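What follows is the residue order along each chain.
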Amino acid sequence: LSNLSASCWSRPRPVNMFSSNHVKFQHSKALTSPYPGSHIERSQVPEDKVGWLTEWKDYNPVEYTAKSVLAGPTWADPQINHEGFSPKFNERDGEVERKSLNGLYVVENGRPRNPVGRTGLTGRGLLGRWGPNHAADPVVTRWKRDRSGNKVAHPVSGKNILQFVAIKRRDCGEWAIPGGMVDPGEKITATLKREFQEEALNSLQKSPEEKAKLEKQLQKLFSQDHFVVYRGYVDDPRNTDNAWMETEAVNYHDETGETMDNLPLEAGDDAGVVKWVDISEKLELYASHSYFIKLVTEKRGAHWSEDPGSECHQ
């Protein structure tokens, strides 16, 4: 189940700003209808009723869990009332991490409650886990250079232009950071590396020899100092009242370009196209990825906007 596998969505009015790591996050895509991959319409949630602290006795959300989840794949939990299933919420539950990156969440009638607020839908939708569903997004960057190897500065801002490895989604054609779900027992660092290999280097289709070569080249990049861009709740169209996406976005920067220049980018897994993309506020990216990218440019002192006072609009 890819972190990014959902159809394209318009950008509805943001509601209920949610603060995480001093970052304000929007809860808007989690209110969109129909629910991805279905004809299910969410119950409408007025802007002033999103927060759980606002009493709403008549709240009557739609219950929906996709058949693909109910079929019991390895990446999904059973239903809450299933015999023998007693999940340990807010803690590590065997190999499954049920802790939220945003702290403790409420469990009501045996079900975890979305920490940001109401979504108009209960159950799990397309998400496998009750509660937080953990993903990882590797932001791999380098400086844009001219043929002589010199860094290219933007003519207006005067700041050097940063590039990142972007994939074009097969399902909706939007550009995005390559990323995916954390497997049970898997460390975030392993997920970041695996997802980048699968989506940007097509490692699943490589021979053992080719895989080993890629692994060796990537080790240099992924073992160096890195910058955690964001950790926490993600506003995602698949979120429900009882299941939601969380991610850790990490920037791996190739300062000289020597490591990544020798890696053959090749779209794989959920990617239709993969390439280096110049970073600027003009980028239209999937979900909240523009926000993550902006944070990276701030950290690296790179070009973002031709207007110094401009903010990132997700």
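Up top is the structure.
Here the residue numbering is sequential within each chain, running from 1 through the sequence in written order. Restriction of local features to residues with pLDDT of at least 70 applies here, the model being predicted, together with a cutoff of 80 or more for giving and counting side-chain atom pairs; totals for whole chains, interfaces and linings are based on all residues. Derived side-chain values reflect all non-hydrogen atoms in the structure, with water molecules and hydrogen atoms excluded from consideration.

Asks: How would you summarise unusual backbone geometry if you had to cite specific residues and measurements?
Replies: With omega at -5°, the peptide bond leading from Ser-33 into Pro-34 counts as cis. Every helix listed is a DSSP run of H or I at least four residues long, and every strand listed is a run of E at least two residues long, numbered separately from the N terminus. By secondary structure assignment, the location of Pro-34 is in the loop between β2 (23-27) and β3 (62-65). The residue Asn-90 is not glycine, and still its phi comes out positive at about 65°. Position of Asn-90 among the secondary structure elements: in the loop between α1 (67-70) and β4 (92-93). Unlike most non-glycine residues, Asn-202 shows phi in positive territory, near 55°.

Asks: Go over the nonpolar core, please, and point to the residues and values.
Replies: As a rule of thumb, soluble globular proteins bury nonpolar side chains together. If you look at the biggest cluster of nonpolar residues, it comprises 29 residues, and the most contacted ones within it are Phe-164, Val-229, Phe-292 and Ile-293. Those elements giving two or more residues to this core turn out to be β9 (131-143), β10 (162-169), β13 (227-234), β14 (243-254) and α5 (289-300). Counting residues per element, this core draws most heavily on α5, which supplies five residues. The contact definition used throughout considers only heavy atoms, calling two residues in contact when any of these lie within 4.5 Å. Excluding residues within four positions of it along the chain, Val-229 makes contact with Ala-249, Val-250, Asn-251, Phe-292, Leu-295 and Val-296. Take the buried residues of types Ala, Val, Leu, Ile, Met, Phe, Trp, Tyr and Cys, join any two whose side-chain atoms come within 4.5 Å, and each joined set is a nonpolar core. When a residue's accessible area, from a 1.4 Å probe over protein chains only, is under 20% of the maximum for its type it is buried; when over 50% it is exposed; and in between it is partly exposed.

Asks: Report on the side chain of Asp-235, specifying residues and quantitative values.
Replies: Within the secondary structure, Asp-235 sits in the loop between β13 and β14. Put simply, Asp-235 is tucked away with no salt bridge, and the nearest opposite charge, on Lys-29, sits 4.6 Å away. There is a polar contact of 2.8 Å between the side chain of Asp-235 and the backbone nitrogen of Ser-28. Side-chain atoms alone can form a polar contact between residues adjacent in sequence; in general such a contact is a pair of N or O atoms within 3.5 Å, and within protein one must be able to donate a hydrogen while the other accepts it. A polar contact of 2.9 Å, which involves the side chain of Asp-235, links it to the backbone nitrogen of Lys-29. For the charge count, each Lys or Arg is scored as positive and each Asp or Glu as negative, with His and the chain ends excluded. Here a salt bridge means any side-chain nitrogen of Lys or Arg lying within 4 Å of a carboxyl oxygen belonging to Asp or Glu.

Asks: Describe the environment of Pro-61, and please don't skip the residues or the numbers.
Replies: In this fold, Pro-61 is placed in the loop between β2 and β3. Separated by 19 residues in the primary sequence, Pro-61 and Arg-42 place their C-alpha atoms 7.0 Å from one another. Among all residues touching Pro-61, those that are not within four sequence positions of it are Ser-43, Gly-120, Leu-121, Thr-122 and Asp-241.

Asks: Explain the pattern of salt bridges to me, using residue names and the numbers behind them.
Replies: Applying the stated rule across the entire model yields 19 salt bridges. Among the ionic pairs, Glu-55 bridges to Lys-57, the shortest N-O distance being 3.8 Å. Here Glu-55 and Lys-57 have matching classes, each one exposed. Of the charged contacts in the structure, one is a salt bridge between Arg-92 and Glu-97, with a shortest N-O distance of 3.8 Å. Overall, the relative accessible area of 37% leaves Arg-92 in the partly exposed class. In this structure Glu-97 comes out as partly exposed when scored by relative accessible area, which is 28%. Salt bridges sharing partners connect three or more residues here, namely Asp-183, Glu-186, Arg-194, Glu-195 and Glu-198.

Asks: Can you break down the packing of aromatic side chains residue by residue, with the values?
Replies: We call Phe, Tyr and Trp rings a pair once their centres come within 6.5 Å, taking the six-membered ring for Trp, and we label the pair stacked below 30 degrees between planes, edge-to-face above 60, and tilted otherwise. Per the counting criterion, the structure on display carries eight aromatic pairs. With a centroid separation of 5.6 Å and an interplanar angle of 70°, the aromatic rings of Tyr-35 and Tyr-64 are classed as edge-to-face. With a gap of 29 residues between them, Tyr-35 in the loop between β2 and β3 and Tyr-64 in strand β3 connect regions that are remote in the sequence. The same class applies to Tyr-35 and to Tyr-64, which are both buried. Ring geometry for Phe-89 and Tyr-105: centres 6.4 Å apart, planes at 70°, overall edge-to-face. Of the two residues, Phe-89 is situated in the loop between α1 and β4 and Tyr-105 in the loop between β5 (96-97) and β6 (107-108); the sequence distance between them amounts to 16 residues. Taking the relative accessible area as the measure of exposure, Phe-89 reaches 14% and is therefore buried. The structure contains a cluster of three or more aromatic residues connected by ring pairs, namely Trp-52, Trp-56 and Tyr-59. In our convention, an over-ring charge means Lys NZ or Arg CZ found within 6 Å of a ring centre and within 35 degrees of that ring's normal. Above the ring of Tyr-59, the side-chain terminus of Arg-118 is found at 5.2 Å from the ring centroid.

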